[in-house]
Amino acid sequence: MNADAPATARPAVELEGITKRFPGVVANHDIRITVEPGTVHAIVGENGAGKSTLMKILYGMQKPDEGTIRINGTEVSFRTPSDAIAAGIGMVHQHFMLADNFTVLENVVLGAEPTTVGVLDTARARARIRELSSTHGLQVDPDRLVEDLGVGDRQRVEILKVLYRGARILILDEPTAVLVPQEVDELFQNLRELKAGGLTVIFISHKLDEVLSIADAITVIRRGTTVASVDPREVTARQLAELMVGSELPTPETRESTVTDTVALSVSGLTMEADGFRPLPKGTPVAEYTAGLRAEGRRLLLDDVSFDIHRGEILGIAGVEGNGQSELIEAIMGMRPAHGTVELAGADISSWSTLKRREAGIGYIPEDRHRQGLLLEASLWENRVLGHQTRKPSRSGVWIDRRAAKADTQRIIDEYDVRTPGVDTLALALSGGNQQKLIVGREMSGEPVFLIAAHPTRGVDVGAQAAIWDHLRAARAAGLAVLLISADLDELIGLSDTLHVIYRGRLVARLDPSDVTPERLGGYMTGAISGSTAEPAGEEA
Amino acid sequence: MPAGLYRALLTVAGAAIAIVLAVVISSVAISVAGASPEAAFAALFNFGETERAVVNGVTTMINRSVPLFIAGLAVAVGFRMNLFNIGVEGQYRIAAICAAFVGAQFSLPAPIQILVIIVVAAAVGGLYALIPAVMKVTRGVNEVIATIMLNYIAINLAAFLVRGPFTGERAKGQLTTSTPTLPESAWFPNLNGLFEMFGLPAPRGGGLWGFLVVAILLGVAVWVLLERTKFGFEVKASGLNPMAALASGVKPKKMVIAAMVLSGAIAGLIGLPEILGDKHNFGSNFTPGLGFLGIAVALLGRNRPVGIAVAALLFGFLDRAQGPLQFANVPPSVIAIMQGAIVLLVVVANEITSRMALRREERRAARQLGRDTPVEVAA
């Protein structure tokens, strides 16, 4: 502690040497953050940098392996979120945790109801909520149903909820991710009033322009550790982006281009609305309709995404997670309806079912293998059949050809070096890397013409990672078109022939992976460089 | 030991422990009811003194097991996809009365007559199950609630039909109403020959229901369908991981409708053993509750045809003892307590043993591969 600091200005939160390990991975390492009271302190970093783990530690959801947490100068040790709440910490989650069919008042008091002889004391609750709303400028009608509220109002309810529980330190986990720009402005106005009321706000984000406009102090996290604490008045978005991404970008290996002239997959004008798919009005062209949506200020998950992937080309999509990558995959796979067209080898497949698309030669390595890629409680050979249940060698007539499926699983095990006792082992018995190698082998089976590889090496060990990269390169050399979506810049730059950056559902830049600078990549990914001032998307680089 | 054998042994051991515990619990219940547990269990295993009595006892037990087995299969088809078809109860009753009525309207050679009745029963059951399936895929109505409501409708509709439009002539002195009696070509031949082959006397009454053969064939067919076909694979995938199934091109709505209709079609056959083999009509004293018992049987049999067969026989064995227990001065409701206890305990045991088997498999794979600890980034 500085000797000259007055006793009243003890830091609201002090994290020292926080380290958290998960099996095989260090999620946080020697994190040091000091948050002054009455300030908005931003914590920025890429997805996977360790922000979420850090916040879970601060909110008592996980225990750090090492390090100390001090709240207002007192050392604390949280075992559950209740301990954190008791210490005056409140968390506003990215995904709202509200009961839609309850009123604002009921949601706010839920779990901390004031009662008179066992009956909910609505008058007392309403008075307290009104007082909180007026002192902090959080205007919400306590008697409205939450399901009738907009996103911005719901967020205010979440903030009221934590204030109602007496929080003096608020953690906001990517609060702007779900908001449109006007709502972001309103949120920032609310945050300024909270600050004026003496509250401390910890603001987690990767949107640098927003961070710079609201934060009083910024801490940057990269690869699980704090790399810098900066003053927003003395730093530019570009410098911040560089700190986030790191100043050393990998140089791609020199290699021959295998890109051909034949287009394997062509996507044009892909647009997806946030609030559900509505069919096109009859006779309206897609472009006109989507322009209308934009004019109305609707939030679009995908906004006029167009690109071509040629045979033998790996097209990488860089972007901070949650900017439309999952939606893009779901639209191409036919799992979620969207406007625009998708063509595979010249055929318009926009109206095809997922099954038909797969049969036509689309392979899919899902971003979350446990959620979308595997039947954990089924054997490896059954997992080999998954997604290929209508094709040779897994099927013959109405039957599943068990012998052929098992034989082909053995082939994958041998070719892709899946370490397993046998084809009858349950998928859950395998390590993440071996599960992933099985998925890669499966999706490369049946001569696909186009492969979606979403985070193909996430959560796998280094050896498996190198093997998967080699398989992707070999398939590319054999003429496979690949859409690579990843948060790992090594992977993106090392594998891609073309690199697009996605930001808020738009492809904002097309870059040459052999000649990309960290600040430009980081700038596009975080919105620090806006698409309009740079080369427009879709332009040949 | 191969993983499959280990899992099977573990399951059997779990079930055995569960049954022993159920016996203990039932003993307490019997003692509380003021009877002697020893007498009760003696009655349970006492099939009688004479050969004829034993044959009768065995026949009662198997005849009770046949519809329970079919009911278990019906419920299991839904369970495989995490669909809880509670509507088996209503589906089988409405199917039974329709089949009994339609079957009595004409007379064809026996195989055709019986086949038509079976098809009508399956079709009615399947169509009745289509209602909650359509409600689920179009409006997201939970199938549990929809099928419970449809049960009330079916049960009361059947009661109305048997008294009204579908009622047949009442024989002199008959107290119950029923549908017209089926022509003799629809009477399913019994299997009493089996006993006679071993030199045993034929059981009294309707004898050993011939529908047993149909039930066995049905069990084999369901097993083949679920374990060997593309459709079965899609059902399994949808049940284990709906998201992965969707990403693999399995259409979830189609699967819900197919599984529900199949479940209902099988449910439609539950009442046929009794109608074709014994009563030859659908009367107001038609056996109720088989659909609900089917849920217990499917749970007990872990949704697998062989397991369901064992569970159905166990239930049949217990139900047979209703009469002997009364002679032994034990309230026969003890049987219901015992069945309930067995189902609850076996479900718990299944959960424990399947976890043990999974963990063993993980350890085994890890041991065989040396290191390779799973690496997950929980960021």
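Because the structure is a prediction, the values reported are computed rather than measured.

A. The arrangement of the interface of chain A and chain B in detail. On the side of chain B, 35 residues touch chain A, which itself brings 46 residues to the contact. Between chain A and chain B lies a buried interface of about 3,600 Å² when both sides are counted; carbon and sulfur atoms form 63% of it. Three residues, A:Leu375, A:Gln389 and A:Pro421, lead the burial of chain A against chain B; their summed loss comes to 13% of the area buried on that side. Applying the counting rule to chain A against chain B returns one salt bridge. Notably, a salt bridge pairs B:Lys236 with A:Glu382, separated by 2.7 Å at the nearest N-O pair.

B. Quick peek at the pattern of salt bridges. Using the criterion set out here, one finds 35 salt bridges over all chains in the structure. With its nearest N and O atoms 2.9 Å apart, the salt bridge here joins A:Arg476 to A:Asp497. With A:Arg476 in helix H16 (residues 462-477) and A:Asp497 in the loop between helix H17 (489-495) and strand E23 (498-503), the pair connects residues that are 21 residues apart, well separated along the chain. A salt bridge links B:Glu234 to B:Lys230, with the nearest nitrogen and oxygen atoms 3.8 Å apart. Of this pair, B:Glu234 and B:Lys230 both sit in helix H9 (residues 230-240), four residues apart, roughly one helical turn. No difference in accessibility class separates B:Glu234 from B:Lys230, as the two residues are buried. Each member of the salt-bridge network shares a partner with another, and the members are A:Arg384, A:Asp408, A:Arg411 and A:Glu415.

C. Here's a closer look at the packing of aromatic side chains. All names here are of chain B. Enumeration over the complete set of coordinates arrives at eight aromatic pairs over all chains. Aromatic pair tyrosine 92 and phenylalanine 286: ring centres 6.0 Å apart, planes at 45 degrees, arrangement tilted. Taken as a pair, tyrosine 92 in helix H4 (residues 88-103) and phenylalanine 286 in the loop between helix H12 (272-279) and helix H13 (290-300) lie far apart in primary sequence, 194 residues in all. Here tyrosine 92 and phenylalanine 286 have matching classes, each one buried. When the centroid spacing of 3.9 Å and the interplanar angle of 5 degrees are considered together, the rings of phenylalanine 101 and phenylalanine 166 count as stacked.

D. Main features of the domain arrangement of chain A. As assigned here, chain A comprises domain 1 (11-245), domain 2 (259-361 + 448-541) and domain 3 (367-446). Its C-alpha centre places domain 1 of chain A at a distance of 43 Å from the equivalent point of domain 3 of chain A.

E. Inspection of helix H15 (residues 432-444) of chain A at higher detail. Residue and element names in this part refer to chain A. End to end, H15 covers 18 Å across 13 residues, agreeing with the expected 18 Å (1.5 Å per residue, within 8%). In terms of burial, H15 is largely enclosed, as 13 of its 13 residues are buried. Phi turns positive one or two residues past the end of H15, at glycine 446, with a value near 70 degrees.

F. Fine view of the environment of B:Gln339. All names here are of chain B. Turning to its location among the elements, glutamine 339 is positioned in helix H16 (residues 334-368). Given a relative accessible area of 9%, glutamine 339 falls into the buried group. Linking glutamine 339 and valine 297, residues 42 residues apart in sequence, is a C-alpha distance of 9.7 Å. Apart from residues no more than four positions distant in its own chain, glutamine 339 is found in contact with Leu293, Phe315, Leu318 and Asp319.

G. Structural view of the packing of H4(B) against helix H11 (residues 252-268) of chain B. Residue and element names in this part refer to chain B. Between H4 and H11, whose axes approach to 8 Å, the crossing angle comes to 50 degrees. On the basis of their axis angle, the class for H4 and H11 is oblique. Judged by the twist between their axes, the crossing of H4 over H11 is right-handed. Of the residues in H11, those touching H4 at Val88, Gln91, Tyr92 and Ala95 are Ser263, Gly264, Ala267 and Gly268. Partitioned by chemical class, the residues of the contact of H4 with H11 number four nonpolar, four polar and no charged.

H. Layout of the packing of helix H2 (residues 37-45) of chain B against helix H14 (residues 305-320) of chain B. All names here are of chain B. At their nearest, the axes of H2 and H14 sit 8 Å apart, and the two run at 115 degrees to each other. Here the hand of the crossing between H2 and H14 comes out right-handed. Along the contact surface, H2 presents Ala43, Leu44 and Phe45, while H14 presents Phe317, Leu318 and Arg320.

I. Focus on a nonpolar patch on the surface. Together, B:Val20, B:Val24, B:Val28 and B:Val32 give the surface a local cluster of nonpolar side chains, amounting to about 380 Å² of exposed area. With respect to the helices and strands, the residue B:Val20 is situated in helix H1 (residues 3-32).

J. Region of the structure containing the sheet that holds strand E11 (residues 217-222) of chain A. Residues and elements named next belong to chain A. Here we have six strands laid out as an open sheet, ordered E6-E9-E10-E3-E11-E12, and mixed in their pairing. Unpaired on one side and paired on the other, strand E6 (89-92) and strand E12 (225-230) mark the two borders of the sheet. Looking at each pair of strands side by side, their axes are set apart by 20 degrees on average, direction ignored. Where strand E9 (residues 169-173) lies against strand E10 (residues 200-205), five bridges are found, and the strand directions are parallel. Across the sheet, residue leucine 170 finds its bridge partner in E10, namely valine 201. Set on the sheet, helix H5 (residues 151-164) makes contact with E6 and E9; between it and E6 the angle comes to about 165 degrees. Of the strands in this sheet, strand E3 (40-44), E11 and E12 touch helix H8 (residues 237-245), which is tilted by about 35 degrees from E11.

About the thresholds
- Residues numbered from 1 in each chain as written.
- Chains lettered and ligands numbered in written order.
- Predicted model: local features only at pLDDT ≥ 70, side-chain atom pairs only at ≥ 80, totals over all residues.
- Heavy atoms only, no water.
- Contact = heavy atoms within 4.5 Å.
- Buried area = accessible area lost by both parts, 1.4 Å probe.
- Salt bridge = Lys/Arg side-chain N within 4 Å of Asp/Glu carboxyl O.
- Helix = DSSP H or I, 4+ residues; strand = E, 2+ residues; numbered from the N terminus.
- Buried < 20%, exposed > 50% of the residue type's maximum accessible area, 1.4 Å probe, protein only.
- Phe/Tyr/Trp six-rings, centres within 6.5 Å; stacked < 30°, edge-to-face > 60°.
- Domains from an automatic or database assignment.
- Expected span 1.5 Å × (residues − 1).
- Axes fitted to C-alpha atoms, helices over the stretch in contact; angles between N-to-C directions.
- Parallel < 35°, antiparallel > 145°, perpendicular 65-115°, else oblique.
- Left-handed = near helix turned anticlockwise from the far one by under 90°.
- Nonpolar A, V, L, I, M, F, W, Y, C, P; charged D, E, K, R; others polar.
- Patch = residues over 30% accessible without salt bridge, like charges linked within 9 Å, V, L, I, M, F, W, Y side chains within 5 Å.
- Areas by Shrake-Rupley, 256 points an atom, 1.4 Å probe, with all protein chains shown as cover.
- Pairing = 2+ DSSP bridges.

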